[in-house]
Amino acid sequence: MTAAEQERGTLVVVVGPSGAGKDSVMGFAARHFAHRPDILFVRRVITRASDAGGEVHESVSAAEFEEMRQSGAFAVSWQAHGLSYGIPVEIADKVESGMTAIVNGSRAALPAIRAAFGTIAVAVITADPPVLAKRLAERGRENEEDVLRRLTRQAPDIVAGPDVTVIDNSGRLDIAGRRFVTLVEQHSAKSHHPA
């Protein structure tokens with residue numbers, strides 16, 4: 001391992017089906033790591049209203065997003081659920097300089113994220129189907145037909161691999177949250193205390 005590789009941080013990409021509680025698990029970890037300047041929670045750029053609920057993000061129009069994409073503002077961008085998502089290019093610089101960055105990703109975008117960032121860590125947040133259905137209905141952002149479409153959407157199978165950790169969030173948030181915190185700590189330790 002070269003000195004540059006030892007100093008490089010890690011991008012932790014959080015993925016999983018809608019309703020699995022990705023934002024909740026990340027929020028748990030954000031509170032836990034509030035005192036850690038070397039751990040960054042990425043604010044994505046999304047073509048969704050800022051008051052639409054869910055994660056805190058930078059809201060832009062489709063035209064603004066496309067202009068940003070063409071000007072090289074994103075390390076990686078993708079489309080899902082009729083929206084465009086982007087990870088700001090400066091996040092790649094922060095990871096290169098040794099930070100651990102955590103981002104809400106997309107299963108379908110993982111190949112592009114891996115291509116842009118190289119070695120990453122993937123946290124797949126899951127929950128039992130009845131739990132997913134209940135959470136999607138409770139958040140009230142979609143009608144029943146949209147909820148069913150989300151639940152039946154076929155996504156790439158990513159639950160295996162050396163960089164993938166599956167975390168079940170069907171039960172209490174603190175259980176899944178602590179598992180995610182442990183995963184982030186392991187990757188943070190690797191980037192700051194190489195073997």
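In this text, all values refer to a predicted model and were calculated from it rather than measured experimentally.

Q: Would you take a moment to explain the overall build of the chain for this structure?
A: Secondary structure assignment for the chain yields 8 helices and 9 strands. Counting all 195 residues of the chain, 43% fall into the buried class. A fraction of 71% describes how many contacts in the chain between residues 6 or more apart in sequence connect residues 24 or more apart. As displayed, the chain has an accessible area near 10,200 Å², and 52% of this comes from carbon and sulfur atoms.

Q: How should the pairing of strand β8 (residues 120-126) be read in this particular structure?
A: As a general feature of sheets, a regular strand has side chains that alternate between the two faces. Counting buried positions along β8 gives 6 out of 7 residues, so the element sits mostly inside the fold. Here strand β1 (residues 10-15) runs beside β8; their pairing, made up of 5 bridges, is parallel. Bridging from a neighbouring strand, Val12 pairs with Ala121 of β8. Note: β8 against strand β9 (residues 164-168), 5 bridges, orientation parallel.

Q: Even after reading the chapter, I still don't get the packing of aromatic side chains, so can you show me in this structure?
A: For any pair of aromatic rings, the description rests on two quantities: the centre-to-centre distance and the angle between the ring planes. Per the counting criterion, the structure on display carries 2 aromatic pairs. Measuring from centroid to centroid gives 5.7 Å for Trp78 and Tyr85, while their planes differ by 10°, and the two rings are stacked. The burial state of Trp78 is the same as that of Tyr85; both residues are buried.

Procedures and definitions
- Residues numbered from 1 in each chain as written.
- Predicted model: local features only at pLDDT ≥ 70, side-chain atom pairs only at ≥ 80, totals over all residues.
- Heavy atoms only, no water.
- Helix = DSSP H or I, 4+ residues; strand = E, 2+ residues; numbered from the N terminus.
- Buried < 20%, exposed > 50% of the residue type's maximum accessible area, 1.4 Å probe, protein only.
- Contact = heavy atoms within 4.5 Å.
- Areas by Shrake-Rupley, 256 points an atom, 1.4 Å probe, with all protein chains shown as cover.
- Pairing = 2+ DSSP bridges.
- Phe/Tyr/Trp six-rings, centres within 6.5 Å; stacked < 30°, edge-to-face > 60°.

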